[in-house]
Amino acid sequence: METLLSSLGFSLFLLCIFTFNGLSLSFSPADNYLVNCGAFLDSTVDNRRFVSDSSDSSNSHLHSSAQTFSLCAGSLLPGLPQIYHTARVFKAPSKYVFDVKDPGTHMVRLHFHQFSSSRLNLGNSQFHVLINRLVALTNFTGGNLLGPKVMEYLIWVDSEKLEITFVPAENSKFAFVNAIEVISAPKDLILETAQYVNGDKVENFEGLNRQAFEVVYRVTVGGPKVTPFNDTLWRTWVPDDEYIKSSEGSNKLYFAGRIKYQDGGASREVGPDNVYNSARLIQSKNASIPNVNLTWEFPVIEGYKYLVRMHFCDIASISLGLLFFNVYVNGNLAYKDLDLSDATNYLLASPFYADFVVDADHSGIVSISVGPSSKSMAYTVDAILNGVEIMKMNNSVGSLDGTLPAELVSKCWIRRSARVLLPLIALMCLLLSFSAIIHRRKDYSVPWSKLPVDEPEMAPKQGKQQLSTKV
């Protein structure tokens, strides 16, 4: 019994050490702004404190016109974090301004959840969102939200300020937001170079880290959902079941061992343990190599480039140098004979990722596949994938949503205001003109007087003189 207690105590001691080490190595961003919009009190979500944007708060980043107000849900919203029970509503263009201590890539997350109150229904909103000189959203409406939605962006910031502007749309009355996150990203999150896959050609794509991205899909392959609580960058990874199209001959795998992160390789901020410790794989169980590919398909919008990031970690091989496979993007060979042993400096269970840039065509689909290569071997693992991220890249006018640049989107409010003011100005001009005409008539009018009816009598002599004069 004494031995059992000693073993238990030693295990708890090790657990405390690993927990402390994990906490001490957790990511600590230089810029870390969490805003609870429309609330008068701070809220805590996943051990993170969202600060009220009330004007009474010394930490408020809200720079707005007088046409903004707080809105609280008309009823309790069970099961939802407190940040979704309030919203900041804007009836004119308004913005949040954040000081940037660490220039470079920043993660911006906008939280939206529509609810009704006696004062307003957020489902009737329609608005645009600008992040610095980037168009993030156009004609976004709360009426399409079935639940909380988080829009996530990766923005390159080379100035001392980051501004998020909300502009009510032309045919709408207001904009809103429930919560905002602005966090400086790790320097290795987006690197400078990726592989541009254009048909049969694969060439370098330079300046990747200076682009703006909207995170469209973040998927863990073969494993359960990963929540922000289990991710050092507070991300959500969803299971791949909805996106996998051909899984014949594949297996899911869960790895209970330790993921071995290395300096210069994929860090825990690039992908958490809970993504790399699960996978789907193709495995040869006899002397023949399966002639199958694993394929995933993701709906996208034509006219944009997309960053496709694929996460790999060999948690399946029994020895180094046994796993070789091909990687395909949109049906084109993007990486031939990928050798994870070589890519990770010959260490099993060590993560690796590959970035590809592709154009979205008229099909509206980005597909990725992994499958055996000419170097694959029998009785071994012949392909593996642990995770995938799909990010939309800004177009040539600096927009992630539409073809208008930020200058024209911001002017829509001016045009809308002009349409409201012009009839009022015309009415005022008519009233002033009518008033001027009335005053003019008064100035030129002659006073009216009564004409005499009876003529005065004249003496006979005076009358004769007058007659003689006339004659």
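Residues numbered from 1 in each chain as written. Predicted model: local features only at pLDDT ≥ 70, side-chain atom pairs only at ≥ 80, totals over all residues. Heavy atoms only, no water.

Student: Sorry if this is basic, but what is going on with unusual backbone geometry here?
Tutor: Comment: phi is negative for the bulk of residues other than glycine, and the bulk of peptide bonds are trans. Even without being a glycine, asparagine 345 presents a positive backbone phi close to 55°. Its location among the elements puts asparagine 345 in the loop between helix 3 (340-343) and strand 26 (351-359). Among the residues examined, asparagine 345 registers a relative accessible area of 61% and is labelled exposed. (Helix = DSSP H or I, 4+ residues; strand = E, 2+ residues; numbered from the N terminus. Buried < 20%, exposed > 50% of the residue type's maximum accessible area, 1.4 Å probe, protein only.)

Student: What is the right way to read the pattern of salt bridges from this model?
Tutor: Taken as a whole and judged by the stated rule, the model has 18 salt bridges. One salt-bridge network, in which partners are shared between bridges, spans Arg48, Arg109, Glu152, Glu181, Arg218 and Glu389. (Salt bridge = Lys/Arg side-chain N within 4 Å of Asp/Glu carboxyl O.)

Student: Hey, could you run me through the confidence of the model for the protein chain in this one?
Tutor: In low-pLDDT regions, the fine details of the predicted coordinates are not to be read closely. When pLDDT is averaged across the protein chain, the result is 86; 81% of the residues are at 70 or more. Long-range and interchain partners of residues 1-24, a stretch whose pLDDT sits below 50, account for zero contacts in this model, where long-range means more than four residues apart. (pLDDT = per-residue confidence, 0-100. Contact = heavy atoms within 4.5 Å.)

Student: Whenever I open this one, the side chain of threonine 68 confuses me. Can you help?
Tutor: Relative to the assigned elements, threonine 68 resides in strand 5 (residues 68-72). A residue is classified by how much of its surface remains accessible, and threonine 68, at 18% relative accessible area, is buried. The contacts of threonine 68, once residues within four sequence positions are left out, are Arg88, Val89 and Phe90.

Student: Teacher, can you tell me more about the sheet that holds strand 6 (residues 86-90) here?
Tutor: Across a sheet, paired strands are connected by hydrogen bonds in the backbone, their directions being either parallel or antiparallel. Ordered by their spatial adjacency, three strands build an open sheet running 5-6-13, and the pairing between neighbours is antiparallel. If you trace the sheet from one side to the other, it starts and ends with strand 5 and strand 13 (175-177), each paired once. Between one strand and the next, the sheet's axes are offset by a mean angle of 30°, whatever the strand orientation. (Pairing = 2+ DSSP bridges. Axes fitted to C-alpha atoms, helices over the stretch in contact; angles between N-to-C directions.)

Student: Sorry, what's going on with the nonpolar core here?
Tutor: Side chains that are nonpolar tend, in soluble globular proteins, to be buried together. Among the nonpolar cores identified, the biggest contains 47 residues, and Trp296, Met310, Phe312 and Phe325 are the most heavily contacted of them. Here tryptophan 296 is in contact with Val221, Asp240, Tyr243, Ile244, Lys245, Arg280, Val366, Ser367, Ile368, Val370 and Leu385, once residues within four sequence places are set aside. Val35, Val108, Leu110 and Phe112 belong to the second largest nonpolar core, which has 43 residues in total. (Core = buried A, V, L, I, M, F, W, Y, C linked by side-chain atoms within 4.5 Å.)

Student: Is there a simple way to explain the sheet that holds strand 28 (residues 381-385) in this structure?
Tutor: Read across the sheet, three strands follow the order 20-21-28 without closing on themselves; strand pairing throughout is antiparallel. Of all strands in the sheet, those with a lone pairing partner are strand 20 (250-254) and strand 28, marking the two edges. Across the sheet, the mean angle from the axis of one strand to that of its neighbour is 30°, orientation sign disregarded. One ladder, built from five bridges, connects strand 20 with strand 21 (residues 278-283); its direction is antiparallel. Directly across from leucine 253, in strand 21, lies its bridge partner alanine 279.

Student: Please explain the environment of histidine 113 as it appears in this structure.
Tutor: Positionally, histidine 113 belongs in the loop between strand 8 (104-112) and strand 9 (127-131). By relative accessible area, histidine 113 is classed as buried at 10%. As a C-alpha pair, histidine 113 and glycine 123 span 10 residues in sequence and 9.0 Å in three-dimensional space. Contact partners of histidine 113, with chain neighbours within four places excluded, come to Leu77, Leu80, Tyr84, Leu122, Leu145, Gly147, Pro148, Phe176 and Asn178.

Student: Would you mind going over the layout of surface pockets with me for this structure?
Tutor: Unoccupied space between atoms shows up once a probe the size of one water molecule is rolled over them. The volume enclosed by the second largest pocket comes to roughly 1100 Å³. Around the second largest pocket, the lining comprises 40 residues; the ones closest to its centre are Lys149, Val150, Met151, Glu152 and Thr236. Looking at the lining of the second largest pocket, the elements with two or more residues in it are strand 3 (48-52), strand 8, strand 10 (134-140), strand 11 (149-157) and strand 17 (213-220). Per element, the largest residue contribution to the lining of the second largest pocket is six residues, and it comes from strand 17. Considering only residue class, the lining of the second largest pocket consists of 25 nonpolar, three polar and 12 charged. (1 Å grid on protein atoms, 1.4 Å probe; cavity = no way out; pocket = protein on both sides within 12 Å on 5 of 7 lines; lining within 4 Å. Points joined across faces, edges and corners; volume = space filled by probe spheres on them. Nonpolar A, V, L, I, M, F, W, Y, C, P; charged D, E, K, R; others polar.)

Student: Is there a simple way to explain empty space enclosed by the protein in this structure?
Tutor: Going through the model one piece at a time under the given rule, you end up with two cavities of 30 Å³ or more. The volume enclosed by the largest cavity comes to roughly 40 Å³. If you trace the largest cavity, you find it lined by Met107, Glu152, Leu154, Leu189, Arg218, Arg235, Arg309, Glu389 and Met391. When contributions to the lining of the largest cavity are tallied by element, the ones reaching two or more residues are strand 11 and strand 29 (387-393). Within the lining of the largest cavity, the residues separate by chemical class into four nonpolar, no polar and five charged. Its boundaries defined by the atoms lining it, the second largest cavity holds a volume of some 30 Å³. Forming the walls of the second largest cavity are Phe312, Cys313, Asp314, Leu340, Ser341, Thr344, Leu347, Leu348 and Ser350. Every element with two or more residues in the lining of the second largest cavity is listed here: strand 23 (305-313) and helix 3.

Student: Looking at this structure, I do not really get the packing of aromatic side chains. What am I missing?
Tutor: Two measures describe an aromatic ring pair: the distance that separates the ring centres and the angle between the ring planes. Counted according to the given criterion, the structure contains 17 aromatic pairs. Judged by centre distance (6.2 Å) and plane angle (85°), the rings of phenylalanine 90 and tyrosine 96 are edge-to-face. The same class applies to phenylalanine 90 and to tyrosine 96, which are both buried. Geometrically, the ring pair formed by phenylalanine 112 and phenylalanine 127 is tilted, given 5.9 Å between the ring centres and 50° between the ring planes. Here phenylalanine 127 lies in strand 9 and phenylalanine 112 lies in strand 8, a separation of 15 residues in the sequence. Of the two residues, phenylalanine 112 and phenylalanine 127, neither departs from the other in class, the shared state being buried. (Phe/Tyr/Trp six-rings, centres within 6.5 Å; stacked < 30°, edge-to-face > 60°.)

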